Amino acid sequence: MSLLLVTGTAVVVSTSAQAATTLGASAAERGGRFFGTAVAAGKLNDSAYTTILNREFNQVTPENEMKIDATEPNQNQFSYGNADRIVQHARSRGMQVRGHTLAWHSQQPGWMQAMSGTALRNAMLNHVTQVATHFRGQVTWWDVVNEAFADGSSGARRDSNLQRTGNDWIEAAFRAARTADPNAKLCYNDYNIDNWTDAKTQAVYRMVQDFKNRGVPIDCVGLQSHFTGGSNYPSNYRTTLSSFAALGVDVQITELDIRNAPSDAYRNVTNDCLAVARCTGITVWGIRDSDSWRSGENPLLFNGGGGKKAAYDAVLAALNSGAPNPTTPPPTTTPTTPPPGGGSCTASVTPGTVWGDRYNSSVTVSGASNWSVVVAITAPQRVSTTWSGSFSWDSSGSVMTVRSNGSGNTFGFTTMMNGNTGARPRITSCTSVQSISSPR
Ligand code: G2I
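Residues numbered from 1 in each chain as written. Predicted model: local features only at pLDDT ≥ 70, side-chain atom pairs only at ≥ 80, totals over all residues. Heavy atoms only, no water.

Colleague: Account for the overall build of the protein, with residues named and values stated.
Modeller: Looking only at helices and strands, one finds 11 helices and 19 strands in the protein. Rg of the C-alpha trace for the protein: 24 Å, near the compact-globule value of 22 Å for 440 residues, within the 12% margin. When each of the 440 residues of the protein is scored for burial, the buried share is 51%. Looking at the protein alone, contacts between residues at least 24 apart form 73% of all its contacts between residues at least 6 apart. Total accessible area on the protein is roughly 18200 Å²; 48% of this is exposed by carbon and sulfur atoms. (Helix = DSSP H or I, 4+ residues; strand = E, 2+ residues; numbered from the N terminus. Rg over C-alpha atoms; globule rule 2.2 N^0.38 Å. Buried < 20%, exposed > 50% of the residue type's maximum accessible area, 1.4 Å probe, protein only. Contact = heavy atoms within 4.5 Å. Areas by Shrake-Rupley, 256 points an atom, 1.4 Å probe, with all protein chains shown as cover.)

Here's what the structure looks like:
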């Protein structure tokens, strides 16, 4: 209960069970998460726009104003006016800022597009250093590198002038950003890395895993999550979020918009983020449908008149029914699949080496020392080699049950692809097994 004084009259208002009424406030109550939006400097004079911005959101990403062509239009001449305006608007209202983006193949100024080799590498590093230094202390997260992987099944880097300076250009950018702003969280950001089984998702996952293993500074992964007709919300989205998080990075949904704004998909995205402790927030890519880069698809939470759409209500309700602030710090590993029946252990898959015809996987179990994990393989793929567990198979040959055999909590196996290069093993359950020698 709290006491609210209104022009001298005491009014008693019950606040104990009152749900938050804005996206940002509700997200903040869910473990200090944020709910943000892309902002265009040119719209900060539109009061209908800023009314919604200031009321609903507690995080802002400049939509275009921190891109390379905006901040360094001529080599070594930096231009921060529009970006500074957005940062000032946000920070004076307690909104956190995501910097977008320091190194990208797109929206390069003409002078940079014309460069290559060592000159381009040095110009890129200088840009990262100068811009991250200018915004030091004002930007919570930086999209250090944006969209560096190719679409499709190759799992390769995207060809670009930056990529042609050498495969290490990404880690070089991250190291330069860390030096320039040691307190900013440094993120890799991309689209089409939402579906866990996509080659692009797996390739980005392996890069982040490699960076963590080698001590390259990386703190977060941004999933843009532009869901169009051809790139729908995938049912394994939560697995993707939790798998990246299990590498020891935060994850954020950074540019969310969904064609025609179906409430179900918006609700699912929100619930998936809330289910993963290290999913620290969601940014939608614009406020009203009319502000969207895909305005013809009406993909946002507010209509052109600034009215709340059904998807807005779905997101706010999902946020409000999420678990409140966790009392314990988020775990560094999160379950790939919630264990059935109330939860006895969790198992997460780490992708291993991939060859032309086969790939390795390892599975780590937490929460039990005697366990039984069921793993589903997609036919015609077949497991050919196993280690560090006791393996048995059902009659289809596609479902294997792995029991602990005293060799630790990680087991592994090799899967022959047999022509299906996309599918990956799925954990269907993890059960803690009572040891016979130690009855309770
Ligand atoms: O393409 C959607 C997004 C994909 N991920 C990275 C984001 O940075 C990207 O944002 C969009 C902006 O929403 C658009 O506003 O990036 C586009 C350019 O790659 C932006 O479009 C540009 C137009 O190309 C320019 O002609 C225009 O002057 O927006 C500029 C400002 O309206």
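Colleague: Please set out the environment of glycine 352 residue by residue, giving values where relevant.
Modeller: Its place among the elements puts glycine 352 in strand β12 (residues 346-354). Looking at glycine 352, the relative accessible area reads 23%, which means it is partly exposed. For the pair glycine 352 and threonine 118, spaced 234 residues apart in sequence, the C-alpha to C-alpha distance is 33 Å. Contacts of glycine 352, omitting those with residues within four sequence positions, involve Arg206, Asn360 and Ser361.

Colleague: I'd like to hear about unusual backbone geometry, residue by residue, with values.
Modeller: Each neighbour pair has its own omega, and for histidine 100 with threonine 101 the value is 5°, a cis peptide bond. Structurally, threonine 101 can be placed in strand β5 (residues 96-104). For the peptide bond that leads from alanine 379 to proline 380, omega is 5°, which places it in the cis range. You can see proline 380 is positioned in the loop between β14 (371-376) and β15 (382-387). One non-glycine residue with positive phi stands out, namely glutamine 107, at about 50°. With respect to the element layout, glutamine 107 can be found in the loop between β5 and α5 (110-113). The partly exposed category is assigned to glutamine 107, whose relative accessible area is 26%.

Colleague: Run through the nonpolar core, naming residues and quoting values.
Modeller: Judged by nonpolar contacts, the single largest core of 91 residues is most densely connected at Phe35, Trp142, Val145, Phe174, Tyr266 and Leu301. Broken down by element, the residue count for this core peaks at 7 residues, all from helix α7 (residues 169-180). In terms of nonpolar packing, the next biggest core, distinct from the first, is built from 18 residues, Cys345, Trp371, Ile377 and Phe413 among them. (Core = buried A, V, L, I, M, F, W, Y, C linked by side-chain atoms within 4.5 Å.)

Colleague: Describe the site of the ligand, listing the residues and the values that go with them.
Modeller: The ligand sits among 13 residues. The nearest are Glu63, Lys67, His100, Glu255 and Trp285. Between the ligand and lysine 67 there is a distance of 2.6 Å, counted from an oxygen atom to a side-chain nitrogen or oxygen. Judged by the proximity of its atoms to the pocket grid, the ligand belongs to the second largest pocket. In the shell around the ligand, the residues fall into 3 nonpolar, 6 polar and 4 charged. (Near = heavy atom within 4 Å. Polar contact = N/O pair within 3.5 Å; in protein donor to acceptor, adjacent residues only side chain to side chain. 1 Å grid on protein atoms, 1.4 Å probe; cavity = no way out; pocket = protein on both sides within 12 Å on 5 of 7 lines; lining within 4 Å. Sits in = over half its atoms within 2 Å of the grid points. Nonpolar A, V, L, I, M, F, W, Y, C, P; charged D, E, K, R; others polar.)

Colleague: Help me get a handle on the sheet that holds strand β18 (residues 410-416), residues and values and all.
Modeller: Read across the open sheet, the 4 strands follow the order β12-β13-β18-β15; overall the sheet is antiparallel. Edge strands, defined here as strands with exactly one partner in the open sheet, are β12 and β15. If you compare each strand with its neighbour and ignore which way they point, the axes differ by 25° on average. For strand β13 (residues 358-366) and β18, the ladder comprises 7 bridges, and the chain directions are antiparallel. Across the sheet, threonine 364 pairs through a bridge with threonine 410, a residue of β18. (Pairing = 2+ DSSP bridges. Axes fitted to C-alpha atoms, helices over the stretch in contact; angles between N-to-C directions.)

Colleague: Describe helix α10 (residues 263-275), and please don't skip the residues or the numbers.
Modeller: Along an α-helix, residues three or four apart share an orientation, since each turn contains 3.6 residues. The terminal C-alpha atoms of α10, which comprises 13 residues, lie 18 Å apart, in line with the 18 Å expected from a rise of 1.5 Å per residue. Within the sequence span of α10, burial applies to Ala265, Tyr266, Val269, Thr270, Asp272, Cys273 and Leu274. Considering only its buried residues, α10 is in contact with β9 (226-227), α9 (237-246), β10 (250-258), β11 (279-284) and α11 (310-320). (Expected span 1.5 Å × (residues − 1).)

Colleague: Quick rundown of the packing of helix α6 (residues 117-134) against α7? Include the residues and the values.
Modeller: It is the contact of α6 with α7, at a shortest axis distance of 8 Å, that shows an interaxial angle of 30°. Taken together, the axes of α6 and α7 are roughly parallel relative to one another. As for the relative orientation of α6 and α7, their crossing is right-handed in sense. Of the residues in α7, those in contact with Arg121, Met124, Leu125, Val128, Thr129, Ala132 and Thr133 of α6 are Trp169, Ala172, Ala173, Ala176, Ala177 and Ala180. (Parallel < 35°, antiparallel > 145°, perpendicular 65-115°, else oblique. Left-handed = near helix turned anticlockwise from the far one by under 90°.)

Colleague: Tell me about the layout of surface pockets, and please be specific about residues and values.
Modeller: The volume enclosed by the second largest pocket comes to roughly 280 Å³. Around the second largest pocket sit 18 residues that line it, and Glu147, Gln224, His226, Glu255 and Trp293 are the ones nearest its centre. When grouped by side-chain class, the residues that make up the lining of the second largest pocket number 4 nonpolar, 9 polar and 5 charged. (Points joined across faces, edges and corners; volume = space filled by probe spheres on them.)

Colleague: I'd like a description of the packing of α9 against α10, backed by residues and values.
Modeller: Packing of α9 against α10 brings their axes to within 9 Å, and their N-to-C directions diverge by 30°. Taken together, the axes of α9 and α10 are roughly parallel relative to one another. Handedness of the α9/α10 crossing: right-handed. Where α9 approaches α10, its residues Tyr237, Arg238 and Leu241 are matched on the opposing element by Val269, Asn271, Asp272, Cys273 and Ala275. Partitioned by chemical class, the residues of the contact of α9 with α10 number 5 nonpolar, 1 polar and 2 charged.

Colleague: Which residues make up the environment of asparagine 161, and what values go with them?
Modeller: Relative to the helices and strands, asparagine 161 is located in the loop between β6 (141-146) and α7. Through-space distance from the C-alpha of asparagine 161 to that of tryptophan 142 is 21 Å; in sequence the pair is 19 residues apart. Once you skip the residues sitting within four places of it in the chain, asparagine 161 turns out to touch Gln108, Met112, Gln113, Met115 and Leu120. Side-chain polar atoms of asparagine 161 contact the side chain of glutamine 108, separated by 2.9 Å.

Colleague: How would you sum up the side chain of glutamate 171? Please name residues and give values.
Modeller: Mapping glutamate 171 onto the fold places it in helix α7. Of the residues examined, glutamate 171 reaches a relative accessible area of 14% and is grouped as buried. Beyond its immediate sequence surroundings of up to four residues, glutamate 171 is in contact with Phe211, Arg214 and Val216.

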